[in-house]
Structures are given as structure tokens and as C-alpha cells.
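Survey of secondary and tertiary structure
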Amino acid sequence: MLPEISTLAQLEKLDEETHQLQARLAELPKILTAEKKTVEAKKAEAAALEARLDANEKERRQLDGDVQLRQSKLKKLRAQLDQAASEAQVAAFEKEIQFNEGEIGKAEDRELELMEEAEALEPQVKETQAAAAALAKTHVEHFKAAEQEHKAGMAKIAANTARNKELVAGL
């Protein structure tokens, strides 16, 4: 009767080990999915920062074009001011010149703000891209390790099942 008890203890141990392996193998996809979501979130963060930087650059180019347009308009207004015939025309040209100079000042101030913002964003973009790349690399490594762990676990479960059958047949 003692050998049967020993066999039953071995069967119980095999069942427990198989159960733990199955639980671990069922957990692996959840872990990998969570990691993948983290990688995707970091990539999305990097893309959002890049989009902000691109929008910043686009607005700066637009402001620069606006400044150039207003400066050429100022040249024309000054030339027309020299040819003004009445006080009313001179006052109107001077008012228009002052308005355009004010708009140029506003645009240049905004350009400076955007340049400062871009200087702050550029390192953030690079840092976030590097972090996303590192996370992706780590995820790939974890995926490969999980794949190997899954193969080893399945082999161990198969071996446990075979051993289980041997022990049951021996009873």
C-alpha cells in the first residue's frame, strides 16, 4: 500500500506543477498585451509631440510670410506717402503704416514665442522617440522570451502528462 501512496503523491505533485505551468502560460499573453499597449502609448505620445512641433514650424513659416508681405506693403505705402497731395491722404497713409508696423511687431513677437516653444519641444521629441524605441526593443525581447517560455512550458506539460499516464498505468 505504501508504493501506491507514493505514486499518488507523485501524481498530485505532477498535477500541481502542470496547473502552475498552465496558469503561467495563460498569463503570458496578458503581460505581452499590456507591454504592447505601453509601447503604443509612448509612440502616440511621440507622434503628438512631433505634430505639435510641425504645427509650430508651419505657423512660424506662415508668420514669416506675413511679415514679408507687410514689409513690402510698407515700402509701397511709404512711396505713396511721398506722393500724397493732401493732408487727409498723408494721415491715411501714416495710419496704414502704423497699423502694418504694429502687425509686424505682433507677428515677430509670436515668432519668438514659437521659437522658444520649439526649442523646448525638440529635446522632448527626441527623448520620447528614444524611449518609444527602447520600449519597442524591450517588448520584442520579452516576446521572444515568452515564446521560448511557452515552448518549454508546453514541453514540460507534455512530459508531465506522459509521466502521469505512466504512474496511473502502474497503479
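You'll find the structure just up there.
Residues numbered from 1 in each chain as written. Predicted model: local features only at pLDDT ≥ 70, side-chain atom pairs only at ≥ 80, totals over all residues. Heavy atoms only, no water.

**A few points about the overall build of the protein chain**
For the protein chain, the count of helices and strands is 2 helices and 0 strands. Scaling as 2.2 N^0.38, a compact globule of 171 residues should have a C-alpha radius of gyration of about 16 Å, whereas the protein chain reaches 37 Å, well beyond that. Across its three principal directions, the C-alpha atoms of the protein chain cover 125 × 20 × 20 Å. Residue burial in the protein chain is summarised as follows: out of 171 residues, 22% are buried. Nonlocal contacts in the protein chain, meaning residues at least 24 apart in sequence, comprise 85% of its contacts between residues at least 6 apart. Carbon and sulfur atoms make up 56% of the accessible area of the protein chain, which totals about 12,200 Å². (Helix = DSSP H or I, 4+ residues; strand = E, 2+ residues; numbered from the N terminus. Rg over C-alpha atoms; globule rule 2.2 N^0.38 Å. Buried < 20%, exposed > 50% of the residue type's maximum accessible area, 1.4 Å probe, protein only. Contact = heavy atoms within 4.5 Å. Areas by Shrake-Rupley, 256 points an atom, 1.4 Å probe, with all protein chains shown as cover.)

**Re the packing of helix α1 (residues 2–82) against helix α2 (residues 87–170)**
Between α1 and α2, the least distance of the axes is 4 Å, while the angle of their chain directions is 165 degrees. Judged by the angle between their axes, α1 and α2 are roughly antiparallel. When grouped by side-chain class, the residues that make up the contact of α1 with α2 number 36 nonpolar, 18 polar and 28 charged. (Axes fitted to C-alpha atoms, helices over the stretch in contact; angles between N-to-C directions. Parallel < 35°, antiparallel > 145°, perpendicular 65-115°, else oblique. Nonpolar A, V, L, I, M, F, W, Y, C, P; charged D, E, K, R; others polar.)

**Side note on the nonpolar core**
Leu63, Val67, Leu74, Leu77, Phe93, Ile97, Ile104, Ala107 and Leu114 form the largest nonpolar core, which has 9 residues in total. For this core, the secondary-structure elements that each account for two or more residues are α1 and α2. Sort the elements by how many residues they give to this core and α2 lands first, with 5 residues. For alanine 107, the residues in contact, after removing those within four places along its chain, are Leu63 and Val67. (Core = buried A, V, L, I, M, F, W, Y, C linked by side-chain atoms within 4.5 Å.)

**So, the pattern of salt bridges**
Counted according to the given criterion, the structure contains 12 salt bridges. Of the charged contacts, one joins arginine 61 and glutamate 57 as a salt bridge, the two residues approaching to 3.8 Å between their closest N and O atoms. Of the two residues, arginine 61 and glutamate 57 both sit in helix α1, 4 residues apart, roughly one turn of that helix. For arginine 61, a relative accessible area of 53% gives the class exposed. (Salt bridge = Lys/Arg side-chain N within 4 Å of Asp/Glu carboxyl O.)

**Comments concerning the environment of alanine 133**
You can see alanine 133 is positioned in helix α2. The exposure class assigned to alanine 133 is partly exposed, which follows from its relative accessible area of 47%. C-alpha separation for the pair alanine 133 and leucine 81, spaced 52 residues apart in sequence, amounts to 60 Å.

**Remarks on the environment of leucine 11**
In this fold, leucine 11 is placed in helix α1. Each residue touching leucine 11, except ones within four places of it in the same chain, is listed here: Asn164, Leu167, Val168 and Leu171.

**Examining the side chain of glutamate 111**
Counting through the fold element by element, glutamate 111 comes out in helix α2. Of the side chains bearing the opposite charge, arginine 60 lies closest to the buried glutamate 111, which forms no salt bridge; the N-O distance is 6.2 Å. What glutamate 111 contacts, discounting residues up to four positions off in sequence, is Arg60, Leu63, Asp64 and Val67. (Lys, Arg positive; Asp, Glu negative; His and termini not counted.)

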